[in-house]
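Chain residues, written in single-letter form:
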Amino acid sequence: MSERSERNIDTGAADRLSELRAQVAYHNRRYHELDEPEISDADFDLLARELRELEAEHPELAVDDSPAEAVGGAPSVLFAPVVHAVPMTSLDNAMSADELHAWGNRVRRSLGDSPARFVCELKIDGLAMSLRYERGRYVQAATRGDGRVGEDVTPNVATIGVIPKQLKGRKGLAVPDVVEVRGEIYMTIAGFDRLNAAADAADGRRFVNPRNSAAGSLRQKDPEVTAKRELAFWAYQLGEVVGGPAFTSHHETLQFLTDLGFPVNPEVKVLDSLEDVFQHCAHWQDHRHDLDYEIDGVVVKIDDLAQRLELGFTSRAPRWAIAYKFPPEERTTVLRDIQVSIGRTGRATPFAVLEPVFVGGSTVGMATLHNEDQVRVKDVRPGDTVVVRKAGDVIPEVVGPVLSLRPDGTSPWQFPTTCPCPLRSTLTRPEGEADTRCVDPACPFQRDQRVIYWGSRGAMDIEGLGERTVMQLTSLGLVEDPADIYVLTAEQLATLEGFASASAQKLVTAIADSKTRPLPRLLTALGVKHLGPAAAQLLASEFGTLDRVMAASSDELAAVDGIGPVIAASIASWFELPASRAFIEKLRAAGVDFGSESAAAAAAAARAAVPQVLAGKTVVVTGTLAGFSREEAELAITSRGGKSPGSVSAKTYAVVVGESPGASKLTKAEQLGIPILDETAFRHLLETGELA
């Protein structure tokens with residue numbers, strides 16, 4: 001390679017390093033100092049990682065003050081500075097199992113023959129905080145700042161109820177002369193939702209996420225504002241300690257913090273192997289949404305304090321700890337356009353057309369915007385850089401715009417007044433409703449969605465009748481409503497793209513099998529507004545046949561426990577429509593099972609025979625039970641007169657816990673002192689109505 005080429009490569013690397021350093025420093029300040037990030041954590045991590053890797057490849061281009069080594073942000077001039085007696089460092093990240101094992105191998109090589117134990121803590125998505133106590137009295141709270149100097153937020157943190165103001169050691173524990181406690185201040189998801197609900201009610205600006213909301217709440221000049229913001233705290237580390245006991249392990253320090261009265265996260269785990277650590281990380285990656293607070297990973301620490309001293313620190317982070325980061329659930333991208341889709345009931349749902357971005361484990365090109373009010377409140381506009389969130393299997397959504405990056409000349413998006421279908425029918429928003437609807441029942445978009453819904457898993461469960469097949473059938477004029485699918489022939493299906501003789505016959509068989517689905521599925525498949533699976537089950541149990549449901553008055557429907565007047569009126573109105581009656585008769589002619597009087601009588605007799613031992617009692621089920629599916633467990637409770645909601649409250653009688661339970665439900669049950677039952681105790685409860 002020529003000398004000139006080498007100079008070009010060096011110049012290119014220098015230019016990229018300069019660009020990356022400027023970007024990382026800029027976004028670091030917006031995140032740590034201003035609490036107004038323009039990009040997601042994942043996007044920032046990618047920039048910082050590229051900067052570190054490029055600096056490592058080109059040591060000749062290194063600088064002393066690289067933002068790649070920055071721990072946090074400079075303290076705000078709005079608050080008095082606090083010098084940390086023990087620096088508050090950051091953590092290196094592992095983005096995969098390979099990187100986690102690479103860290104483990106480095107630790108193993110450094111420790112030689114000494115075996116290592118690991119402590120795993122959930123990585124809370126909040127704000128790092130240092131709390132100082134002298135002679136047991138709370139005297140100071142400081143943010144991490146740049147790791148060496150933080151901000152004095154003592155009066156603000158004093159408003160957080162779970163933080164003790166006076167330490168009282170349990171079991172005769174002596175309180176140290178000085179103890180500095182480090183942890184994370186965060187906002188619960190429920191508290192964040194209430195904060196945004198209040199902002200919506202006041203037509204104020206919505207908050208983007210719980211982490212920024214917590215940080216912004218702490219940096220208020222008026223502590224009374226902080227006091228209204230439902231903040232909480234988890235302690236996870238000791239800083240400076242004077243006159244305290246000697247410790248040999250990290251988990252002992254966590255117990256010490258608990259004994260002093262600090263809240264320590266209940267999900268801390270001590271593990272003996274890195275393979276166990278990775279399985280623990282994988283578990284919480286799958287169950288992160290069971291919690292009422294946000295986590296973005298698991299912090300892995302060496303437990304032995306002597307081994308920590310041996311491993312030491314880099315310039316920015318301890319070598320004895322690493323943060324295993326989950327795949328990002330939030331990313332930033334450009335919103336290209338806002339369009340509207342039409343559902344089976346005519347509901348018009350706005351959605352965002354995005355510059356494709358990898359988030360939540362998949363590439364996302366579209367995301368929901370829910371309804372007109374949500375678009376207005378979020379004020380997202382074509383051309384905006386937006387935050388996109390995809391959590392697990394949840395439909396991707398646009399969280400909000402990055403206002404500092406908004407192009408000039410944009411204006412608020414206006415909801416269209418005409419349907420995007422070929423009929424160009426009118427879109428209207430009924431008074432008092434949040435949804436805008438297409439009012440023309442002949443709308444082909446509504447037709448297609450009704451057929452798709454009919455064959456879906458929650459309705460008639462017709463394998464092979466997916467969206468692509470339905471679109472072909474309706475475009476060819478073979479299907480105008482769901483009843484038409486029952487007269488399709490294998491020869492007709494074989495003409496569709498993607499079908500051969502065997503696959504066509506398989507779909508015909510699946511369609512025929514769906515004729516015998518139980519009545520609750522048939523009622524659900526009708527797609528009546530407000531008539532979902534739960535209400536369908538109640539109606540089927542009460543009336544037994546579709547004809548009896550159809551003949552019932554609105555008052556008779558409303559008299560069914562769990563239905564109510566709104567659902568009843570919607571059902572009665574739907575069955576009164578001539579088009580609905582004609583559709584039902586097409587189903588009858590096709591041989592679809594409408595239920596039977598004898599089955600209804602048998603079901604009623606079976607219900608009457610079950611003793612109502614749980615009448616008035618609320619029993620919550622969480623986790624997987626060996627002898628019951630979730631639906632079977634809930635039916636066992638409700639058939640005995642009880643209720644089985646999805647959340648724990650002070651009115652809950654008992655919580656049934658199986659394998660892999662929801663951590664938030666279990667924690668709340670423990671906090672409220674609600675009895676926790678295993679499967680054996682649950683069976684006893686079903687038999688007797690009493691706790692074992």
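Heads up: these notes are all about the structure in this document. Computed from a predicted model, the values in this text were never measured in an experiment.

1. Here we look at unusual backbone geometry
What you tend to see is this: most non-glycine residues have negative phi, and most peptide bonds are trans. In the Ramachandran plot, His370 falls in the positive-phi region, its phi being about 70° despite a non-glycine side chain. Within the fold, His370 resides in the loop between strand 14 (362-368) and helix 11 (372-378). Of note, Asp379 is a non-glycine position whose phi angle comes to about 50°, a positive value. Position of Asp379 relative to the elements: it lies in the loop between helix 11 and strand 15 (385-389). A relative accessible area of 22% places Asp379 in the partly exposed class.

2. Quick notes on the nonpolar core
Counting 54 residues, the largest nonpolar core has Trp454, Ile462, Ile485, Tyr486, Leu523, Leu526 and Leu587 as its most contacted members. Of all the elements, helix 20 (residues 564-576) adds the most residues to this core, at six residues. Among residues more than four places away in sequence, those in contact with Ile485 are Val451, Trp454, Ile462, Leu465, Val479 and Ile511. Counting residues in hydrophobic clusters, the runner-up holds 32 residues, among them Val157, Met187, Ala235 and Leu254.

3. Remarks on the packing of aromatic side chains
In this description, a pair of aromatic rings is defined by centroid distance and the angle of the planes. Scanning all chains against the criterion turns up 14 aromatic pairs. Ring centres of Tyr186 and Trp234 lie 5.9 Å apart, and the angle between their planes is 10°; this geometry places the pair in the stacked category. Of this pair, Tyr186 sits in strand 7 (residues 178-187) while Trp234 is found in strand 8 (residues 231-242), placing the two residues 48 residues apart along the sequence. On the accessibility criterion, Tyr186 (7% relative accessible area) is buried. Of the residues examined, Trp234 reaches a relative accessible area of 11% and is grouped as buried. By way of ring pairs, the aromatic residues Tyr133, Tyr138 and Phe262 are connected into one cluster. A cation over a ring is seen here: Lys221 above Phe79, with NZ or CZ 5.1 Å from the ring centre.

4. Observations concerning the pattern of salt bridges
Tallied over the entire structure, the rule returns 36 salt bridges. Measuring nitrogen to oxygen at the nearest pair gives 3.8 Å for the salt bridge that ties Arg437 to Asp435. You'll find Arg437 and Asp435 in the same group, each marked buried. A salt bridge links Asp547 to Arg588, with the shortest nitrogen-to-oxygen separation between them at 2.8 Å. Pair noted here: Asp547 is in helix 18 (residues 546-551) and Arg588 is in helix 21 (residues 578-590), with a separation of 41 residues, a long-range link. Looking at Arg588, the relative accessible area reads 34%, which means it is partly exposed.

5. What to know about helix 20
Quick reminder: α-helices carry 3.6 residues per turn. Residues three or four places apart thus point the same way. Compared with the 18 Å implied by 1.5 Å per residue over 13 residues, the 18 Å span of helix 20 between its first and last C-alpha is a close match. Summarising the contacts, the buried residues of helix 20 are in contact with helix 17 (533-543), helix 18, helix 19 (554-558) and helix 21.

6. Regarding the sheet that holds strand 11 (residues 321-325)
Strand order across the open sheet formed by five strands is 2-11-10-3-9, with mixed pairing between neighbours. For this open sheet the edge positions go to strand 2 (93-94) and strand 9 (269-271), each flanked by a neighbour on one side alone. Looking at chain direction, strand 3 (residues 118-124) and strand 10 (residues 295-302) are connected through six bridges and run antiparallel. In the strand pairing of strand 10, Cys120 is matched with Val300. The strands touched by helix 3 (residues 97-111) within the sheet are strand 2, strand 3, strand 10 and strand 11, with strand 11 carrying the most contacts at an inclination of about 170°.

About the thresholds
- Residues numbered from 1 in each chain as written.
- Predicted model: local features only at pLDDT ≥ 70, side-chain atom pairs only at ≥ 80, totals over all residues.
- Heavy atoms only, no water.
- Helix = DSSP H or I, 4+ residues; strand = E, 2+ residues; numbered from the N terminus.
- Buried < 20%, exposed > 50% of the residue type's maximum accessible area, 1.4 Å probe, protein only.
- Core = buried A, V, L, I, M, F, W, Y, C linked by side-chain atoms within 4.5 Å.
- Contact = heavy atoms within 4.5 Å.
- Phe/Tyr/Trp six-rings, centres within 6.5 Å; stacked < 30°, edge-to-face > 60°.
- Lys NZ or Arg CZ within 6 Å of the ring centre and 35° of its normal.
- Salt bridge = Lys/Arg side-chain N within 4 Å of Asp/Glu carboxyl O.
- Expected span 1.5 Å × (residues − 1).
- Pairing = 2+ DSSP bridges.
- Axes fitted to C-alpha atoms, helices over the stretch in contact; angles between N-to-C directions.

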